[in-house]
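Structural features, examined
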Amino acid sequence: MKIIADENMPYVEALFGDLGQIEYVNGRTLSPEQVNDADVLLVRSVTKVNAALIENAEKLKFVGSATIGTDHVDVDYLATRNIYFTNAPGCNATAVGEYAFIAMLELAQRFGESLAGKVVGIVGAGNTGTAAAKCLQAYGLKVLLCDPIKALQGDPREFVSLDTIIEQADIISLHVPITKQGQHKTWYLFDETRLNQLKPNTWLLNCCRGEVIDNQALIKVKQQRDDIKLVLDVWEGEPNPMAALVALAEFATPHIAGYSLEGKARGTFMLYQKWCELLDLPVAKSLESLLPRFQFSHISSQGDLNERQLLKLSRLVYDLRDDDLSFRGCFATAAGFDLMRKNHTYRREYSAIALNQVTSSLSAGAINQSMLMALGFTS
Ligand SMILES: NC(=O)C1=CN([C@@H]2O[C@H](COP(=O)(O)OP(=O)(O)OC[C@H]3O[C@@H](n4cnc5c(N)ncnc54)[C@H](O)[C@@H]3O)[C@@H](O)[C@H]2O)C=CC1
Ligand SMILES: O=C(O)C(=O)[C@H](O)COP(=O)(O)O
């Protein structure tokens, strides 16, 4: 069996090595000739899987994308060809949620403010939005959720309109898929009009898809409104973000909000599980066996923490400042953007740290052992 896999998808050898002959390819430049004799195709978000790519791949029976988003895959076409498709819903949701939370802690520190007490609006309350909300609520913040689709589906959580979020939230974090049609389409959901409606000093975070914000309009609005602060992980026209926008963002990264080792491993593992299920094979490998031990796996601290100390602790799993700095040095070329993504193999999730808070208080609202556990640290 021939398995074609993106060279930047980790753990493919460990999980699929026994199942067939693996050939690694550059997902960004993958050509039809390279997939013509494939049985299995394993891709990431950078590969457009459509008729143009796989028309002549007659043996192809399985396409797996180790991503949450599916906008790069023509799922209708795959269905007409009877090719099984799976993605990895939720695989990197914790990573995205922690990225957003840590970015907010960083902004608070940079501007001498406290994150505690702010109201956060989450647009899109699926896996990543919920993961962000989990951290924020664990930290005691008021969270407003906007997700008209979930509301219609009867999700029991309380939802508000996007207008309410814009009026009331101090921070807005975007977590929607990119959709170009329908009543709830998200393409340019934040256009110039909406961007102009942001209340003074709003922090706007985008870790879903670049085109959810009209990037040209964002440049224009931000040039007139320095009060708005931006954290941008995704960009219109990746891998070529607009240089003027990078310069205007407080924190800028190359689409790596989901890139914890845990999230990446989960993505490939979910494809492996699905393939085993389809072939009626036992799931012989485990997710845990893939992950290296974290160098700060056990930490003891004395007493409750303050917000600054929580940020210090967070920087052990993910120091956003480092990625921001590297990004500014490499984003100018598509190769630089992609290389930073390729080499991004160092980030962990809060769960990688077992924390023992000696003399932790029981006070509600304190950054004590129970709040840290709720954030995702382990004991
Ligand atoms: N930066 C990164 O590294 C990553 C980016 N993503 C992106 O984030 C997106 C969201 O991921 P998940 O939360 O896991 O997806 P999800 O499918 O679990 O949740 C998305 C939610 O957005 C809601 N939604 C759709 N249109 C909306 C609208 N107009 N207004 C408000 N809500 C709307 C849906 O009802 C759904 O509940 C993915 O589709 C992907 O494009 C995902 C993972 C990593
Ligand atoms: O899961 C998604 O959706 C994402 O956006 C991924 O985190 C993007 O990562 P790659 O598939 O491009 O490695």
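Residues numbered from 1 in each chain as written. Chains lettered and ligands numbered in written order. Predicted model: local features only at pLDDT ≥ 70, side-chain atom pairs only at ≥ 80, totals over all residues. Heavy atoms only, no water.

**Describing the packing of aromatic side chains**
For any pair of aromatic rings, the description consists of the separation of the ring centres together with the inter-plane angle of the planes. Applying the stated criterion to the full structure yields twelve aromatic pairs. One aromatic cluster is present, formed by Trp235, Phe327, Phe331 and Phe337 through successive ring pairs. Here the basic side chain of Lys264 rests over the ring of Tyr259, its NZ or CZ set 4.0 Å away from the ring centre. Between the NZ or CZ atom of Arg347 and the centre of the ring of Tyr318, over which it lies, the distance is 4.4 Å. (Phe/Tyr/Trp six-rings, centres within 6.5 Å; stacked < 30°, edge-to-face > 60°. Lys NZ or Arg CZ within 6 Å of the ring centre and 35° of its normal.)

**Some points on the UniProt feature "active site" (unreviewed entry) in the protein**
According to UniProt, the feature "active site" (unreviewed entry) maps to Arg209, Glu238 and His255 in the numbering used here. Their sequence span is 47 residues, while the largest C-alpha to C-alpha distance among them is just 9.7 Å; these annotated residues converge on one region. Here Arg209 shows up in the loop between strand E9 (203-206) and helix H10 (215-224). Relative accessible area serves as the criterion here: at 14%, Arg209 is assigned to the buried category. Setting aside residues no more than four positions away along its own chain, Arg209 makes contact with Ser45, Gly69, Asp71, Ile178, Val234 and His255. Its location among the elements puts His255 in the loop between strand E11 (251-252) and helix H12 (261-279). Non-local contacts of His255, meaning those with residues more than four positions away in its chain, are made with Ser45, Arg209, Asp233, Val234, Glu238, Phe337 and Arg341. Separated by 3.3 Å, the side chains of His255 and Arg209 make a polar contact. (UniProt positions renumbered as here; feature names shortened; annotations may be inferred. Helix = DSSP H or I, 4+ residues; strand = E, 2+ residues; numbered from the N terminus. Buried < 20%, exposed > 50% of the residue type's maximum accessible area, 1.4 Å probe, protein only. Contact = heavy atoms within 4.5 Å. Polar contact = N/O pair within 3.5 Å; in protein donor to acceptor, adjacent residues only side chain to side chain.)

**Topic: the pattern of salt bridges**
In total, this model carries 21 salt bridges according to the counting rule given. For the salt bridge of Lys61 with Asp39, the shortest nitrogen-to-oxygen distance reads 2.9 Å. Placement of the pair is Lys61 in the loop between helix H3 (51-54) and strand E4 (62-65) and Asp39 in the loop between helix H2 (32-35) and strand E3 (40-43), with a sequence separation of 22 residues. Residue Lys61 is classed as partly exposed on the basis of its relative accessible area of 40%. Arg209 is paired through a salt bridge with Asp71; the nearest N and O atoms lie 3.3 Å apart. Here Arg209, found in the loop between E9 and H10, pairs with Asp71, found in the loop between E4 and helix H4 (75-80); they are 138 residues apart in sequence, far enough to count as distant. (Salt bridge = Lys/Arg side-chain N within 4 Å of Asp/Glu carboxyl O.)

**Description of the site of ligand 2**
Near ligand 2 the following residues occur: Arg44, Ser45, Thr67, Ile68, Gly69, Asn92, Arg209, His255, Tyr259 and Arg341. Separating an oxygen atom of ligand 2 from a side-chain N or O atom of Arg209 is a distance of 2.9 Å. In isolation ligand 2 offers 350 Å² of accessible surface; the protein chains occlude 92% of this area. Along the lines of polarity and charge, the residues of the shell around ligand 2 split into two nonpolar, five polar and three charged. (Near = heavy atom within 4 Å. Areas by Shrake-Rupley, 256 points an atom, 1.4 Å probe, with all protein chains shown as cover. Nonpolar A, V, L, I, M, F, W, Y, C, P; charged D, E, K, R; others polar.)

**Examining the nonpolar core**
Ranked by internal contacts, the top residues of the largest apolar core, which has 51 residues, are Phe101, Leu115, Leu372 and Leu375. The dominant element in this core, judged by the number of residues it contributes, is helix H5 (residues 93-110), at ten residues. When we break this core down by domain, the ones giving at least three residues each are domain 2 (93-252) and domain 3 (292-335 + 344-375). With near-sequence residues (within four places) excluded, Leu115 lies in contact with Phe101, Met104, Leu105, Ala108, Tyr139, Leu141, Ile171, Trp203 and Glu307. In this structure, Cys146, Phe190, Leu195 and Ala252 belong to the second largest nonpolar core, which totals 37 residues. (Core = buried A, V, L, I, M, F, W, Y, C linked by side-chain atoms within 4.5 Å. Domains from an automatic or database assignment.)

**Describing the UniProt feature "binding site: NAD(+)" (unreviewed entry) in the protein**
What UniProt calls "binding site: NAD(+)" (unreviewed entry) maps, in this numbering, to Asp147, Asp233 and Gly258. Among the secondary structure elements, Asp233 is positioned in the loop between strand E10 (229-232) and helix H11 (243-248). Every residue in contact with Asp233, bar those within four places of it in the chain, is listed here: Tyr99, Asn206, Cys207, Glu238, Thr253, Pro254, His255, Ile256 and Ala257. Relative to the helices and strands, Gly258 is located in the loop between E11 and H12. Beyond its immediate stretch of four places on either side in the chain, Gly258 contacts Asn92, Ala95, Val96, Gly263 and Arg347.

**Section: the domain arrangement of the protein**
Note: interface size is frequently given as the accessible area lost on complex formation between the parts. According to the domain assignment, the protein consists of domain 1 (2-87), domain 2 (93-252) and domain 3 (292-335 + 344-375). Its C-alpha centre places domain 2 at a distance of 22 Å from the equivalent point of domain 3. Counting residues at the interface gives 30 residues for domain 2, matched by 26 residues for domain 3. Carbon and sulfur atoms supply 60% of the area buried between domain 2 and domain 3, which totals about 2400 Å² over both sides. Seen at the junction of domain 2 and domain 3, the total is one salt bridge. Across the salt bridge formed by Glu106 and Arg315, the nearest N and O atoms sit 2.9 Å from each other. At the junction of domain 2 with domain 3, the criterion picks out eleven residue pairs in polar contact (both at pLDDT 80 or more). (Buried area = accessible area lost by both parts, 1.4 Å probe.)

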